[in-house]
Amino acid sequence: MSESSPRPRRRPSQTKIVATVGPACDEPAKLVELIEAGVDVFRVNAAHGDRQEHQGSVDRIREAGQAAGRVVAILVDLAGPKIRLGELPGGEMECPTGDEVRFVRGDVAHEPGDLTTTYEPLLDELQLGDRIMLADGTVALAVERLDEGSATCRIVQGGLLRSRQGVNLPGVKLSVPTLGAKDRENARWAAGAGVDFIGLSFVRSADELRALQSLIESEGAEAQVIAKIEKPEALEDLDEIVQTTDGVMVARGDLGVEIDIARVPVVQKEIIDACHRHRKPVIIATQMLDSMQHARLPTRAEATDVANAILDGADACMLSGETAIGRYPREAVEMMHRIALATESVPRRARPVDAPDLAAEGVNQITEATTFAAGRLAEELGAETIVVASASGQTALSLSKNRHFVPTIGVSDSQATLRRMCLYWGVIPLPGAPTNNSAALLEHVVQRGRAAGYFAEGDRLVLVSGTGLRTTRHNMIVVHELD
Ligand code: PEP
């Protein structure tokens, strides 16, 4: 990653943008375009392609970050135990409501109306009455008969099925591990490749996150874990999951199949609230600007969805097919950026939290109270910027969570910490500087910040720092006026 001063970007949005890489953008020049348009984090979806392709994407993202002179982070998203249909004879099958279909063992269905899946123990784990959702929930089945070697299901909601489409079993307790052998291999590779975030799909418990965290640690890596919330079990254990993870993704694609789609908007708000309580960054994902896969403009509903996610308190919004396989990847990023700027320009509406909950578990009371006060001070003084020197990024995250509408510059001499800040709402990462000497830190920040075009003469800065008496505590606020 470049150590040089970042190229000034006109006005970054406070809300961070995550873009999924794919054939539509996976070459350095296009990735640079997306970075210039506002992308902070690129997602490499391990569910598609092989290791060599993923490594190629990681290399190209780094090359693009360097070319753009920006700090850009990488999220590798593990596929998790996604169950898929096997091959269908002829590639597709019409399923009329009221008809029957049968799940059989093996990879290939020989009889008309028979289905196979990639999940071998399915027939052993199904119970009478279980619901099976196929093809993103467009086709719904109910299990009516269990025989040796087959499960007969009634089609409750009909539709068209295609080979290898997704199979969801809401509420069915499956024995499949969340972090299976292939995901472990991919996680080891991602940790070794030095990526910043590893996403765990279909999380059901905090223990699964701990297992991934210790795998990453055993590789000597610093990658942070993102818990993808898409199972009803995760909602039952939400607080412990959020407390354990480093960040969260509201994976609305599978979530909207695993729970009633009508509940997704409210559940999204509950997850965001939990992330605010526990000071964890949260990404809202899937179909945010979906129609922009094929059109230059989103629907009004999509634009409103992005804005509402920000008003709910999302730290980042994610693009999937829009940038991976869509026709207009750059336009989609630009649009998300514009919606974010327009939404953030009404701070009073976009402030989902008033004061930190100092009683919340895992929260550092001194850091929280100091960052909250610093933000208020900056607002009162009309300061242009809050500056925080952060070794691990934790204090920068705390400032971010307070949603002061004063841009925050997060300074760190750790490249890994700077890249983590790519998910922190309102935090601009700035490399370098000693963190235990306020005067030297201020001088460094003023010099680098001026060169990068972040501030000018007469600006007021509020610096959040430590006395140095306790190295890990941020307990000091300094106000500085540039002359
Ligand atoms: C989702 O289900 O919304 C999601 C983000 O996961 P994936 O893209 O891996 O299906």
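Values in this document were obtained by computation on a predicted structure and should not be read as measured data.

### Remarks on the pairing of strand 19 (residues 408-412)
Working step 1: Judged by how many residues are buried, strand 19 sits mostly within the fold: five of five residues are covered.
Working step 2: Burial of the side chains of strand 19 extends over both faces: Thr408, Gly410 and Ser412 are buried on one face and Ile409 and Val411 on the other.
Working step 3: Pairing between strand 18 (residues 385-389) and strand 19: four bridges, direction parallel. The partner of Val387 across the bridge, within strand 19, is Ile409.

### Comments concerning the sheet that holds strand 17 (residues 316-319)
Pairing between sheet strands relies on hydrogen bonds along the backbone, with the strands arranged either parallel or antiparallel.
Working step 1: Around the barrel, eight strands lie side by side as 1-2-3-13-14-15-16-17; this closed barrel has parallel pairing. Geometrically, the sheet is characterised by an average inter-axis angle of 25° between neighbouring strands, direction not taken into account.
Working step 2: Two elements, strand 1 (residues 16-20) and strand 2 (residues 41-45), share three bridges in a ladder whose sense is parallel. Its bridge partner lying in strand 2, Thr20 is registered against Arg43.
Working step 3: Relative to the sheet, helix 2 (residues 51-68) contacts strand 2 and strand 3 (73-77), its axis offset from that of strand 2 by approximately 170°.

### Here's the deal with the domain arrangement of the protein
Working step 1: Looking at the protein, the domain boundaries give domain 1 (16-80 + 177-344), domain 2 (83-168) and domain 3 (365-481).
Working step 2: For domain 1 versus domain 3, the distance between C-alpha centres works out to 26 Å.
Working step 3: On the side of domain 3, 21 residues touch domain 1, which itself brings 25 residues to the contact.
Working step 4: When the two sides are added together, the surface that domain 1 and domain 3 hide from each other amounts to roughly 1900 Å², 55% of it contributed by carbon and sulfur.
Working step 5: When the buried area of domain 1 at its contact with domain 3 is split by residue, Lys16, Val71 and Arg279 rank highest and sum to 37% of it.
Working step 6: Of all the secondary structure elements, the ones that give two or more residues to the side of domain 1 that touches domain 3 are strand 1, strand 14 (224-229), helix 9 (264-277) and strand 16 (282-285).
Working step 7: Of the residues assigned to the side of domain 1 that touches domain 3, the class counts are 13 nonpolar, four polar and eight charged.

### Regarding the site of the ligand
Working step 1: The environment of the ligand is made up of Arg43, Lys228, Glu230, Met249, Ala251, Arg252, Gly253, Asp254 and Thr286.
Working step 2: Taking Glu230, its side chain carries an N or O atom lying 3.4 Å from an oxygen atom of the ligand.
Working step 3: Here Asp254 contributes a backbone N or O atom positioned 3.0 Å from an oxygen atom of the ligand.
Working step 4: Summarising the interface, the protein chains cover 82% of the accessible area of the ligand, which totals 290 Å² for the free molecule.
Working step 5: Taken together, the elements giving at least two residues each to the shell around the ligand come down to strand 15 (247-251) and helix 8 (252-258).
Working step 6: In terms of residue count, helix 8 provides more of the shell around the ligand than any other element does, three residues in total.

### Things to note about the sheet that holds strand 18
Working step 1: Taken together, the five strands give an open sheet; going across it, the order is 20-19-18-21-22, and neighbouring strands pair in mixed fashion. With one partner strand each, in any of the chains shown, strand 20 (427-431) and strand 22 (476-481) form the two edges of the open sheet. Neighbour to neighbour, the strand axes of the sheet diverge by 25° on average, direction disregarded.
Working step 2: Sheet topology places strand 21 (residues 460-465) next to strand 22; six bridges connect them, and they run antiparallel. Directly across from Leu461, in strand 22, lies its bridge partner His480.
Working step 3: Helix-sheet contacts for helix 13 (residues 365-381) involve strand 18, strand 21 and strand 22, and the interaxial angle to strand 22 is about 20°.
Working step 4: The sheet strands contacting helix 16 (residues 438-451) are strand 18, strand 19, strand 20, strand 21 and strand 22, and the helix crosses strand 21 at an angle near 135°.

The rules we used
Residues numbered from 1 in each chain as written. Predicted model: local features only at pLDDT ≥ 70, side-chain atom pairs only at ≥ 80, totals over all residues. Heavy atoms only, no water. Buried < 20%, exposed > 50% of the residue type's maximum accessible area, 1.4 Å probe, protein only. Helix = DSSP H or I, 4+ residues; strand = E, 2+ residues; numbered from the N terminus. Pairing = 2+ DSSP bridges. Axes fitted to C-alpha atoms, helices over the stretch in contact; angles between N-to-C directions. Contact = heavy atoms within 4.5 Å. Domains from an automatic or database assignment. Buried area = accessible area lost by both parts, 1.4 Å probe. Nonpolar A, V, L, I, M, F, W, Y, C, P; charged D, E, K, R; others polar. Near = heavy atom within 4 Å. Polar contact = N/O pair within 3.5 Å; in protein donor to acceptor, adjacent residues only side chain to side chain. Areas by Shrake-Rupley, 256 points an atom, 1.4 Å probe, with all protein chains shown as cover.

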